[in-house]
Amino acid sequence: MKFPVLSRTAFLGLLLSMLGVVIIAQMVNIQTSAVHRELSEMADEKYGYEVKTIYPERGSIYDRWGNLLAGNKAVYEIGLDLGSNYHVNTIAETFSADFKVDPRSIYGKIENARMHGYSYVALMDYISPEKVNKLKKLQSEFAAVNPAGREQSAPSLSGLLFSPHMIRSYPEDTLAASVLGFFPYKEGSNAHGYYGVEGQYDDLLAGQPIQMTVSRNPYQLTELPSTPPGADLVLTIDREIQAQVEAALDKHVKAHGALSGTAIVEDPETGEILAMATSPRIDANKYWTASQVFKQPTHFNTAVGTIYEPGSIFKILTMAAAIDKGIIKPETPFLDTGVLNVDGYEIYNWDDQAYGPVDMIGCMQHSLNVCLAWIALQLGPQTFDEYMEAFHIGHPSNIDLAGEAYLPFRAQGDPGWSKSTMATQAFGQGVAVAPVQFLMAASALANDGKMMAPHIVRSIVRDGVQYNVNSQVAGSPITAESAATVTELLAKSLEIESSKALVDGYRLAGKTGTAEIPTPYGYTMGRTNASFIGWGPVDDPKFIVYVWLEQPKSSIWGSVVAAPLFRDIVSQLVVLMDIPPEEFRQKLASQE
Amino acid sequence: MTFKIMHTFQHAPWRIKFRGLGGFLTAIAALFLVLGLFLSISGQAATAGLELRAMNDERESIRQEIASMRTTMADITSVSKMRARAEELGYQRVSPAEVTYLFVSGYPGRQTAVLAASPGELNMPEPVIKPAFTRSLWDWVFQGLAQVSGTSGQ
């Protein structure tokens, strides 16, 4: 029998084919085996996908002219890939020289991470792009001589990784810090805005984070959804006015040795806050200093967060109520004996003096407690309380800033109320308000009897659309005629008094206030809250300004310390707001 | 004669082997061609995927850069820095008495910031391409017929 003989070529072909078949069979086996499936599933589960949370960029905050007050900027985390050929000595020395850090802390971090078997360790964070670029340049220079850090004897920054991320930034530093609040970016994804606009509008500014599962497999690439940034806010604040007001406030707080100072500038026609300044304040970029600067959280923005007895400035509301009710007129006579007995409680003037026969202008000019207590008695408790309610005394102003404090007004029928309570409330004792609340009440006098709701946000920009916030009337406690009468009365009293609040060329109305500070043991001697509220120009008020100095040391009197602060603010305000002097406006009116 | 040559060629053993081998190699080549094509397309898809991921990262990086630059610009033009620069240039703050006012009829004054369109301004823009170029033949016929019947009904 003869067997077929394979040629050498055919034999080789057959051998190679068999080898191919074996390889393919093994491939199929590997692909379909249970072990492979298990491994594949484990790899998919562990490394195939990542859960990604995309945080939108936090919305920016602008002043009324579009100047950025709060934005975001990129900083870097610098870390080390522990699987690389890293040179711990070079890294420690470079960081010590460039970032002034203790090299031992770098050694410690790396050693600790290595011992725990980590593959990455974060060495520093919040490093500016400029410093990172410098470091990257140095890294490249070392890499040119010692690629990938293979030579242990040559320096290398191999293995350093730079991860950018955003942080909140306040380019104006301390400007309007009490209005803006702050965003504690070091708290990472759990951070929320605190105080001011950052606190009040935190949800809007933060936007809506999106969480999604993203495949690492490039074949299964999914489209990342575009995350719209948080809403931008345009404030009513005027940056220039804010800066001038802060500068004036800081100067006067320092000059008079006051514990703190507060100043608010508002447009009485709209309720828009043009400036809201407090002293001291923080640099919001260093928000962690807040606990050192402020003894109590309520002091962060004293304009809204702190209530105090306003003292004599409160007299303007009592006077307005009585004039509006028709009980008195500016020329109504009053015989001041220097003391008034109300249900056994004796009320004296601030200087314990008797001023004799005066009219209502004289009452305000000399700030007579006895006169205003008498006016309140003429009004009667029910009417007095109704007017205070109409002026929203004892209620929050609902300004759009976080942390507004208020104290309910003690009215007839409330525990501890007596007629003497009302008599003292008439001149600002036994009643407490936050500056913004009193400003809102007083704005009725500067705006034809209409009280505008104070607000700080002018527009909200979201998804490419700008929504403007409309001004709202919070109430009309008095008529336009009454408002004009009180304004004129106050203007005359300032002029007769030759008040330090007056600004050449402009007619202004206003009132000083010096309030003793209540304690559990009665009112303190020698420690006061000095305030001034004023508006102008009298014939068409464009601004209302409130200032408060807490416990000034150079003088306790509002007329001495608060009135000049008001003047300093107004003298710059009229320039910044393009308000011409009385003479020019009258000339213009006569030409028309 | 021709038949004889053909017959000889067809029955030459080495030619038969070459034909078989040729067929086998052609099949192998075709298989590798298909595999190569598959690998090439897979490679391109993977590259595109990675490029897209890199572009996403780049977009994020650019977004951060823009935000940073905006903040840096605000820092450079901040009140304190502008004031310092103005003072360096010899400017002084004016007092109300030093200001000369001029009435300009019709001047509305400085306008507040407009960062985006107001809700009323959000009308959809008119399409650049006329509908005649985009509608289907069916739509054209249908709408044409509807138009004709509508006109005749009037």
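Residues numbered from 1 in each chain as written. Chains lettered and ligands numbered in written order. Predicted model: local features only at pLDDT ≥ 70, side-chain atom pairs only at ≥ 80, totals over all residues. Heavy atoms only, no water.

Below, the discussion takes up the overall build of chain B. For chain B, the count of helices and strands is five helices and zero strands. When burial is assessed residue by residue, chain B has 10% of its 154 residues classed as buried. By element, 68% of the accessible surface of chain B is carried by carbon and sulfur atoms, the whole surface being about 13300 Å². (Helix = DSSP H or I, 4+ residues; strand = E, 2+ residues; numbered from the N terminus. Buried < 20%, exposed > 50% of the residue type's maximum accessible area, 1.4 Å probe, protein only. Areas by Shrake-Rupley, 256 points an atom, 1.4 Å probe, with all protein chains shown as cover.)

Tallying secondary structure elements over chain A gives 20 helices and 20 strands in all. At 36 Å, chain A has a C-alpha radius of gyration far larger than the 25 Å of a compact globule built from 592 residues. Projected onto its principal axes, the C-alpha positions of chain A cover 150 × 60 × 50 Å. Residues counted as buried form 52% of the 592 residues belonging to chain A. Of all intrachain contacts in chain A linking residues separated by at least 6 positions in sequence, the fraction that spans at least 24 positions is 72%. Of the roughly 27200 Å² that chain A leaves accessible, carbon and sulfur atoms contribute 54%. (Rg over C-alpha atoms; globule rule 2.2 N^0.38 Å. Contact = heavy atoms within 4.5 Å.)

Residue and element names in this part refer to chain A. At the junction of Ser279 and Pro280, the peptide bond is cis and its omega measures out at 5° in the coordinates. A positive phi is found at Ala176, a non-glycine position, where the angle reads about 55°. Following the sequence through the fold, Ala176 ends up in the loop between strand 5 (160-169) and helix 6 (177-180). A positive phi angle is found at Asp343, which is not glycine, with a value near 50°. Assignment of secondary structure puts Asp343 in the loop between strand 11 (339-342) and strand 12 (345-348). The exposure class of Asp343 is exposed, given its relative accessible area of 62%.

Time to look at the interface of chain B and chain A. Each partner contributes to the interface: chain B provides 43 residues, whereas chain A provides 49 residues. In this assembly, chain B packs against chain A so that about 3800 Å² is buried in total across both faces, 60% of it on carbon and sulfur atoms. Viewed at the interface, chain A and chain B are joined by 14 residue pairs in polar contact (both at pLDDT 80 or more). Elements that contribute at least two residues to the side of chain B that touches chain A include exactly helix 2 (13-76) and helix 3 (79-88) of chain B. For the side of chain B that touches chain A, the leading source of residues is helix 2 of chain B, giving 19 residues. For the side of chain B that touches chain A, the class distribution of residues is 21 nonpolar, 14 polar and eight charged. (Buried area = accessible area lost by both parts, 1.4 Å probe. Polar contact = N/O pair within 3.5 Å; in protein donor to acceptor, adjacent residues only side chain to side chain. Nonpolar A, V, L, I, M, F, W, Y, C, P; charged D, E, K, R; others polar.)

Moving on to the confidence of the model for chain B. Residues and elements named next belong to chain B. The pLDDT averaged across chain B works out to 83; a share of 88% of its residues lies at or above 70. Mean pLDDT across the secondary structure elements of chain B bottoms out at helix 1 (residues 2-11), with 70, and peaks at helix 3, with 94. Predicted as a complex, the structure gets a pTM of 0.84 and an ipTM equal to 0.81. (pLDDT = per-residue confidence, 0-100.)

Residues and elements named next belong to chain A. All chains considered together, the criterion is met by 22 salt bridges over all chains. Between Arg507 and Glu495 there is a salt bridge, and its shortest N-O distance comes to 2.8 Å. Of the two residues, Arg507 sits in the loop between helix 18 (480-497) and strand 18 (509-519) while Glu495 sits in helix 18, which places them 12 residues apart along the sequence. Looking at Arg507, the relative accessible area reads 22%, which means it is partly exposed. (Salt bridge = Lys/Arg side-chain N within 4 Å of Asp/Glu carboxyl O.)

All names here are of chain A. For the structure shown, the criterion picks out 18 aromatic pairs over all chains. Three or more aromatic residues joined by ring pairs make a cluster, and in this case those are Tyr126, Phe182, Tyr185, Tyr194, Tyr195, Tyr287, Trp288, Phe294 and Phe300. Positioned above the aromatic ring of Trp65 is the side chain of Arg64, whose terminal nitrogen or guanidinium carbon lies 5.5 Å from the ring centre. One cation-aromatic arrangement involves Lys186 over Trp288; the distance from NZ or CZ to the ring centre is 4.4 Å. (Phe/Tyr/Trp six-rings, centres within 6.5 Å; stacked < 30°, edge-to-face > 60°. Lys NZ or Arg CZ within 6 Å of the ring centre and 35° of its normal.)

Together, A:Phe11, A:Leu12, A:Leu15, A:Leu16, A:Leu19, A:Ile23 and A:Met27 make up a nonpolar patch on the protein surface, roughly 720 Å² of accessible area in all. Following the sequence through the fold, A:Leu12 ends up in helix 1 (residues 8-32). (Patch = residues over 30% accessible without salt bridge, like charges linked within 9 Å, V, L, I, M, F, W, Y side chains within 5 Å.)

Our focus in this paragraph is the environment of B:Asp57. Considering the arrangement of structural elements, one finds B:Asp57 in helix 2. Linking B:Asp57 and B:Val79, residues 22 residues apart in sequence, is a C-alpha distance of 35 Å.

All names here are of chain A. Between helix 1 and helix 2 (residues 34-48), the shortest axis-to-axis distance is 5 Å and the interhelical angle comes to 55°. Here helix 2 runs oblique to helix 1, going by the angle between their axes. Between helix 1 and helix 2, the residues in contact are Ile30, Gln31 and Thr32 and Ala34, His36 and Arg37, respectively. Across the contact of helix 1 with helix 2, the residue classes tally to two nonpolar, three polar and one charged. (Axes fitted to C-alpha atoms, helices over the stretch in contact; angles between N-to-C directions. Parallel < 35°, antiparallel > 145°, perpendicular 65-115°, else oblique.)

This brings us to the state of the cysteines. Residue and element names in this part refer to chain A. Scanning the entire structure with this criterion turns up one disulfide over all chains. Covalently, Cys363 is tied to Cys371 through a disulfide, its sulfur atoms 1.9 Å apart. The disulfide joining Cys363 to Cys371 has a torsion of about 95° about its S-S bond and is therefore right-handed. Judged on exposure class, the residue Cys363 and its partner Cys371 are both buried. (Disulfide = S-S within 2.5 Å.)

Okay, the sheet that holds strand 18 of chain A next. Residues and elements named next belong to chain A. The five strands are arranged 9-8-20-19-18 in an open sheet whose pairing can be described as antiparallel. The open sheet terminates on both sides in strands that have one partner only, identified here as strand 9 (272-279) and strand 18. Averaged over all neighbouring strand pairs, the angle between strand axes comes to 15°, with direction disregarded. Summarising the sheet, strand 8 (residues 260-267) and strand 20 (residues 543-550) pair through seven bridges and their orientation is antiparallel. Note on strand 20: the bridge partner recorded for Ser260 is Glu550. Here helix 9 (residues 239-256) sits on the sheet in contact with strand 8, strand 9 and strand 20, set at roughly 30° to strand 9. (Pairing = 2+ DSSP bridges.)

With that settled, the discussion passes to the environment of A:Gln292. Residue and element names in this part refer to chain A. Along the chain, Gln292 falls in helix 10 (residues 290-293). Under the relative-accessibility criterion, Gln292 is labelled exposed at 64%. Along the primary structure Gln292 and Asp267 are separated by 25 residues, whereas in three dimensions their C-alpha atoms are 34 Å apart.

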